[in-house]
Amino acid sequence: MGFTLYTLLQAAILCVNSVAVLHEERFLSRIGWGVDQGVGGFGDEPGIKAQLMNLIRSVRTVMRVPLIAVNSVCIVLLLLFG
Amino acid sequence: MSLFYFGSSRQQQFEMDLPHQGYRASKQRGRGPPTGGESMLFDDTSTSGMSTQGSYYTPGYNMAGTSTGMQGGVNNLFADPMANAAVMYGSSLANQGKDMVNKEISRYMSVNKLKYFFAVDTRYVLKKLMILMFPYTHQDWEVRYHRDTPLTPKQDVNAPDLYIPAMAFITYILLAGMALGIQKRFSPEVLGLCASTALGWMVIEVLVMLLGLYLLTVHSDLSTFDLLAYSGYKYVGMIFSVLCGLLFGSDGYFVALAWSSCALMFFIVRSLKMKILTSLASDSMSTGSGAKPQVRMYITVATAIFQPLIIYWLTSHLVR
């Protein structure tokens, strides 16, 4: 099965893009995954859902600017080389 | 990667050196590096790679020096002043490149942590290969510590290392090329495709395991390199299966696949159980301990189930 590193890179970019386009107030709050609904009790045991919401929020915060650059590069390359 | 920074005048001598090193590295999988040099390699971490690079370069220098001497036909090595100047220029360029490479690499990952995984010796490699193929008689699976730091693989046979996975990966690629050549399906692109496929699956597996460990708040001391090591041990099983498939045909392949899958599943479950499940003691004292051990067991078992599937996926096209 052909599985080049370029395919892996494409899959990673697509996954990170898909996490970045989840809108905070139109979508995540509607289904109860917003940032203000995440805090459970204090101390231990955040639980899977809280961890996932934290992960989504941190990915969106961290990767917003680099994704602009990476997507622009991808667009230019795909326009030039097909 | 540091070989790219040599001066162009010395290119051909080092290219002659390179396949020799690669051959030795892949064929010496059953034997570790010489133990005297290796203990110096691990203990001398204060000079951050200078001693290791120095001891690696000197055999090449001696070979190239004697070969230019023989070509000149004189006993004195540097009789020709231009060759002398070229050697000096090339070595200063090499030193600059070496420093730059070391600086860049140490920004992204700590080289000392990586050195821990390569501090192996022959006895450890042989015992570990035995345990990987037949783990049912091994009694003590606990990784021993020494004042809060884990022991090196030289002193503790349960410690994970990266030497066996790296060598097994290279051997697997070479074996895949050989198997395809026997079936007359070989072309040079296939080697690269095989290598990147296997590498891609390893990256995916490490990422999924990291994600699973993070989501379930398992505060274990499994670092990324540990997970890389544990997911690289399956290449030993792959090599064994492909070898048996080549020697004994399709039946031998399936028997070897079943044997190495069971051994590898047992090994993974016993090794990860120590690291994942025992972190429960330091964690949450009061609530939720009913569901937690089961969920952690799910991670371990899922990792173990994944190994035979990927072994079959990556080797079945080599043995027809």
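What counts and how
- Residues numbered from 1 in each chain as written.
- Chains lettered and ligands numbered in written order.
- Predicted model: local features only at pLDDT ≥ 70, side-chain atom pairs only at ≥ 80, totals over all residues.
- Heavy atoms only, no water.
- Helix = DSSP H or I, 4+ residues; strand = E, 2+ residues; numbered from the N terminus.
- Buried < 20%, exposed > 50% of the residue type's maximum accessible area, 1.4 Å probe, protein only.
- Contact = heavy atoms within 4.5 Å.
- Areas by Shrake-Rupley, 256 points an atom, 1.4 Å probe, with all protein chains shown as cover.
- Salt bridge = Lys/Arg side-chain N within 4 Å of Asp/Glu carboxyl O.
- Phe/Tyr/Trp six-rings, centres within 6.5 Å; stacked < 30°, edge-to-face > 60°.
- 1 Å grid on protein atoms, 1.4 Å probe; cavity = no way out; pocket = protein on both sides within 12 Å on 5 of 7 lines; lining within 4 Å.
- Points joined across faces, edges and corners; volume = space filled by probe spheres on them.
- Nonpolar A, V, L, I, M, F, W, Y, C, P; charged D, E, K, R; others polar.

Trainee: Please clarify how the overall build of chain B should be interpreted in this entry.
Mentor: Along chain B, the regular secondary structure elements total 11 helices and two strands. Across the 320 residues that make up chain B, the buried fraction comes to 42%. Restricting to contacts in chain B with at least 6 residues of sequence separation, those with at least 24 account for 79%. For chain B, the exposed area adds up to about 17200 Å²; of that, 67% sits on carbon and sulfur atoms.

Trainee: Explain the pattern of salt bridges here, please?
Mentor: A side chain of one charge can pair with a side chain of the opposite charge when the charged atoms of the two come close. All names here are of chain B. Evaluated as defined, the whole model comprises one salt bridge over all chains. For the salt bridge of Lys234 with Glu205, the shortest nitrogen-to-oxygen distance reads 2.7 Å. Of the two residues, Lys234 sits in helix α10 (residues 234-277) while Glu205 sits in helix α8 (residues 188-215), which places them 29 residues apart along the sequence. By relative accessible area, Lys234 is classed as buried at 3%.

Trainee: Explain the packing of aromatic side chains here, please?
Mentor: In this description, an aromatic ring pair is defined by two values, namely the gap between the centres and the angle between the planes. Residues and elements named next belong to chain B. Taken as a whole, this structure holds 11 aromatic pairs over all chains when the rule is applied. A centroid spacing of 6.1 Å and a plane angle of 70° characterise the contact between Tyr230 and Tyr233, whose relative ring orientation is edge-to-face. You'll find Tyr230 and Tyr233 in the same group, each marked buried. Centre to centre, the rings of Tyr233 and Phe267 are 5.6 Å apart; their planes meet at 85°, and the pair counts as edge-to-face. Taken together, the residues span a long stretch of sequence, with Tyr233 in the loop between α9 (224-232) and α10 and Phe267 in helix α10 at a distance of 34 residues. With a relative accessible area of 0%, Tyr233 lands in the buried category.

Trainee: Just to check I follow, could you spell out the layout of surface pockets for this structure?
Mentor: Vacant regions in the atomic arrangement are exposed by a probe of water-molecule size rolled over the atoms. A volume near 800 Å³ is recorded for the second largest pocket. Going through the elements one at a time, α1 (5-20) and α3 (47-81) of chain A together with α8 of chain B are the ones with two or more residues in the lining of the second largest pocket. In terms of residue class, the lining of the second largest pocket is built from 21 nonpolar, no polar and no charged.

Trainee: Hey, could you run me through empty space enclosed by the protein in this one?
Mentor: All names here are of chain B. Inspection of the entire model under this criterion finds four cavities of 30 Å³ or more. For the largest cavity, the calculated volume is near 80 Å³. Lys128, Ile131, Trp141, Val143, Val157, Asn158, Tyr230, Phe267, Ser271, Met274 and Lys275 are the residues that line the largest cavity. Mapped onto the lining of the largest cavity, the elements with two or more residues apiece are α6 (122-133) and α10. Sorting elements by how many residues they give to the lining of the largest cavity places α10 first, with four residues. When grouped by side-chain class, the residues that make up the lining of the largest cavity number seven nonpolar, two polar and two charged.

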